[in-house]
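The chain contents come next:
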Amino acid sequence: MENCCRSCCPCLKRLWNWIWPDVRYPSVPNNNHLVIANPAHASEIRTVSGDIRVPSPQKRPVQLYAALFDFEARSDEELSVREGDKLSVIEKRGEYVLATKLTGSRQSGLIPANYVALLQDEFAKHKWYYGNINRSKAEKLLLASQNKDGAFLVRISESHSDEYTISARSEDKVFHFRIQRSVIGAYFVSDKLSFATLGELISYYQKNPRCLGVNLVDPCVQQRELFDMESWERPREEFQLVRRLGEGHFGEVWEAFWTKEKKKVAIKTLKQEDTKQDEFVKEVQALKSLHHPKLIQLLAMCSRGEPVYIVTELMSKGSLKSYLASPEGHLLTSAHLIYMGSQIADGMGYLEDRSIVHRDLAARNVLVGDHLVCKVADFGLARIIKDSVYKASRTTKIPVRWTAPEAALHQRFSVKSDVWSFGVLLFEMMSHGKMPYEGKSNKEVLDILSSGLRLSCPPRCPQNIYRIMLDCWAAEPSKRPSFHALQSQLDAIYAKIYSKTVEV
Ligand code: ACK
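Residues numbered from 1 in each chain as written. Predicted model: local features only at pLDDT ≥ 70, side-chain atom pairs only at ≥ 80, totals over all residues.

J.: Break down helix α13 (residues 463–472) for me, with residues and values.
T.: Each turn of an α-helix holds 3.6 residues, which means side chains three or four residues apart point in the same direction. Among all positions in α13, only Ile 465, Ile 468, Met 469 and Cys 472 are buried. End-on, the buried residues of α13 take up no more than an arc of 100 degrees, which puts them together on one face. The exposed set on the far side of α13, more than 90 degrees from its buried face, consists of Gln 463, Arg 467 and Leu 470. (Buried ≥ 20, exposed ≤ 12 C-beta atoms within 10 Å, placed from the backbone. Helix = DSSP H or I, 4+ residues; strand = E, 2+ residues; numbered from the N terminus. Arc of directions from axis to C-beta.)

As structure tokens, then:
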């Protein structure tokens, strides 16, 4: 291990430590070619107009796709692929996708869209993949008596949610190596050596331990009890209720102070007389297993005694609905709103990948924090569906104005009915909080929709955003875009508007 570090030039090492203080500088196979990987630059904040600031358009985390069939290019524009080739899809173009091969020559070109598929939960099959655990949990697991030198795991990076970290035990210490992503989505520890998949990267370093400076021998032994004991349950005395924020779906919502952690949190309480305890418990189950920067994170709960508390992160500006109606909300330009819309599509894309249906996506269920951060909340109705459509009970109350016709009329909720709701949410945003189908009854709304009519374009809403709303409201669910595609489209429009309107 020491050899690895000694071989690095001291100034490079200092620079590396300055850039990534808690990550070891990796060596590369040939020590004459040490190269420092470029960290992603912190996004620049500039004024779009007024005082509310939006960041510069971000590099999107890349989704990994695979070719389903062989495809022979018929022109220079097209890209030949073999079944199984790993691809990064840059954008959708009609019936085609523009993709780059992640292996071999890294060419780009068009491929029929139905020839590619998103690789979902790519890592779940690997025993070494521990997902969203933090550095100290990784160290605790690896140093436990069941593991020995050479035990390792891969976890999601704490500071960059689309990157990963290898944590490996060596000489009874744990070392951490950041795995970065290139612009086309390849994985690398040293930018001299990149890999199409995390699996390929790990097996390379298992076979070539000198390149990393530690041996990756066995995946960290799963210690079920450590996970099961994870203390979501906290004593009620740890929380001081500060002020009532409002009434939620299940009960009151409070701002509170978590004394032990010394931080402000939001607490949802369950109405004592509420009979739907089951649903409440399901909401907690769903929240516990979901981790994404654009989804509200569960922090703790007090389920012993009444009322039950669900503790989540506190969002400084409250719901998007009330924020849009606030004086600050009225200052938001299209650029701000599109930036926020893209974040919501990002969070929903995470649910889409897991076939989780929200069923109540609307501005009232999105929360806003500082710097226009948006997070999707209230998975009260979320279900993990086995087949792609979940049949709800006919008695469930349905927010008709946000609900796709097939869901409102036939209880056919799916990710695509969430996409419909996302279109209505975009309408709410672009009209600064206006009620959709204002003045119409639920029955009239359903009649309007079945006659093929749709909400009209809100004043001053860019046409390309209205086009996206109309795509979300396609009568045929399969014709509606995916959340990943929606996020790409919104990002592209945001980047264009940003470059035109920024006051430097
Ligand atoms: O629009 P609001 O101010 O934002 O009023 C509603 C109210 O509670 C009932 O839902 C607010 N609220 C809910 N969850 C949170 C949270 N995590 N952080 C801040 N405010 C919240 C919501």
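After presenting the structure, the write-up continues.
J.: Lay out the pairing of strand β9 (residues 151–156) in plain terms, naming residues and giving numbers.
T.: Here β9 lies mainly inside the structure; 5 of its 6 residues are buried. Pairing between β9 and strand β14 (residues 218–219): 2 bridges, direction parallel. In the strand pairing of β14, Phe 152 is matched with Pro 219. Strand direction decides the pairing type here: β9 and strand β10 (residues 164–170), joined by 5 bridges, are antiparallel. Across the sheet, residue Phe 152 finds its bridge partner in β10, namely Ala 168. (Pairing = 2+ DSSP bridges.)

J.: So what's going on with the site of the ligand? Residues and values would help.
T.: Surveying the vicinity of the ligand reveals 14 residues, the closest of which are Gly 246, Ala 266, Gly 318, Ser 319 and Ser 322. For the shell around the ligand, the element with the most residues is strand β15 (residues 239–247), which contributes 3 residues. Tallied by class, residues from the shell around the ligand come to 7 nonpolar, 6 polar and 1 charged. Residues from two domains meet in the shell around the ligand; each of domain 1 (40–55 + 319–498) and domain 4 (229–312) gives at least three. (Near = placed C-beta within 6 Å. Nonpolar A, V, L, I, M, F, W, Y, C, P; charged D, E, K, R; others polar. Domains from an automatic or database assignment.)

J.: Break down the confidence of the model for the chain for me, with residues and values.
T.: Residue-level pLDDT values for the chain average 78, and 73% of them are 70 or greater. Low pLDDT, under 50, characterises residues 224–230; the stretch is placed with 1 contact to residues that sit more than four places away or in other chains. (pLDDT = per-residue confidence, 0-100. Contact = placed C-beta atoms within 7 Å.)

J.: So what's going on with unusual backbone geometry? Residues and values would help.
T.: The backbone of Gln 411 shows a phi angle near 55 degrees, a positive value even though the residue is not glycine. With respect to the helices and strands, Gln 411 occurs in the loop between α10 (405–410) and β25 (412–413). Phi is positive for Arg 460, close to 65 degrees, though the residue is something other than glycine. The residue Arg 460 is located in the loop between α12 (442–450) and α13 in this model.

J.: Outline the sheet that holds strand β16 (residues 252–258), listing residues and values.
T.: By definition, the strands of a sheet pair up through backbone hydrogen bonds, in either a parallel or an antiparallel sense. Judged by pairing direction, the sheet is antiparallel, and its 5 strands sit side by side in the order β15-β16-β17-β19-β18 without closing on themselves. The sheet is open, and its two edges are formed by β15 and β18 (298–302), each paired on a single side. Here the strands of the sheet are splayed against their neighbours by 30 degrees on average, with no regard to which way each runs. Relative to β16, β15 runs antiparallel, the two being bridged by 7 bridges. Looking at the pairing, Leu 241 lines up with Ala 256 of β16. (Axes fitted to C-alpha atoms, helices over the stretch in contact; angles between N-to-C directions.)

J.: Please provide a residue-by-residue account of the packing of helix α9 (residues 334–353) against helix α11 (residues 415–430), values included.
T.: Where α9 meets α11, the axes come as close as 11 Å, and the angle between the chain directions of the two elements is 165 degrees. With respect to α11, the element α9 is oriented roughly antiparallel. Here α9 runs over α11; the crossing is right-handed. Within the contact between the two elements, α9 uses Leu 337, Met 340, Gly 341, Ile 344, Ala 345, Met 348 and Glu 352 and α11 uses Val 415, Asp 418, Phe 422, Leu 425, Leu 426, Met 429 and Met 430. Residues of the contact of α9 with α11, tallied by class, amount to 11 nonpolar, 1 polar and 2 charged. (Parallel < 35°, antiparallel > 145°, perpendicular 65-115°, else oblique. Left-handed = near helix turned anticlockwise from the far one by under 90°.)

J.: Which residues make up the nonpolar core, and what values go with them?
T.: Proteins that are soluble and globular tend to have nonpolar side chains buried together. Residues Ile 267, Ile 338, Phe 422, Leu 425 and Leu 426 are the most contacted members of the largest nonpolar core, which totals 71 residues. Ranked by residue count, the leading element in this core is α11, at 10 residues. Inspection of this core shows a minimum of three residues originating in each of domain 1 (40–55 + 319–498) and domain 4 (229–312). Those residues within four positions of Ile 338 in sequence are excluded, and the remaining contacts are Ile 465, Leu 490, Ile 493, Tyr 494 and Ile 497. With 42 residues, the next largest nonpolar core counts Val 81, Ile 166, Phe 177 and Ala 186 among its residues. (Core = buried A, V, L, I, M, F, W, Y, C linked by C-beta atoms within 7 Å.)

J.: Talk me through the environment of Ser 157; I want residue IDs and the actual numbers.
T.: Within the element layout of this structure, Ser 157 appears in the loop between β9 and β10. Taking the C-alpha atoms as reference, Ser 157 lies 8.4 Å from Ile 179; in sequence the two are 22 residues apart. Ser 157 has contacts with Glu 163, Tyr 164, Thr 165 and Arg 178, leaving out every residue within four places of it along the chain.

J.: Just give me the short version of the packing of α11 against α13, but keep the residues and values in it.
T.: Any two packed helices are characterised by how steeply their axes cross, that is the angle between the axes, and by the distance between the axes. Interaxial distance between α11 and α13 falls to 7 Å at its minimum, and their mutual angle equals 150 degrees. Considering the angle they form, α11 stands roughly antiparallel to α13. Judged by the twist between their axes, the crossing of α11 over α13 is left-handed. Between α11, through Val 419, Trp 420, Phe 422, Gly 423, Leu 426, Phe 427 and Met 430, and α13, the contact on the second element is made entirely by Ile 465, Ile 468, Met 469 and Cys 472.

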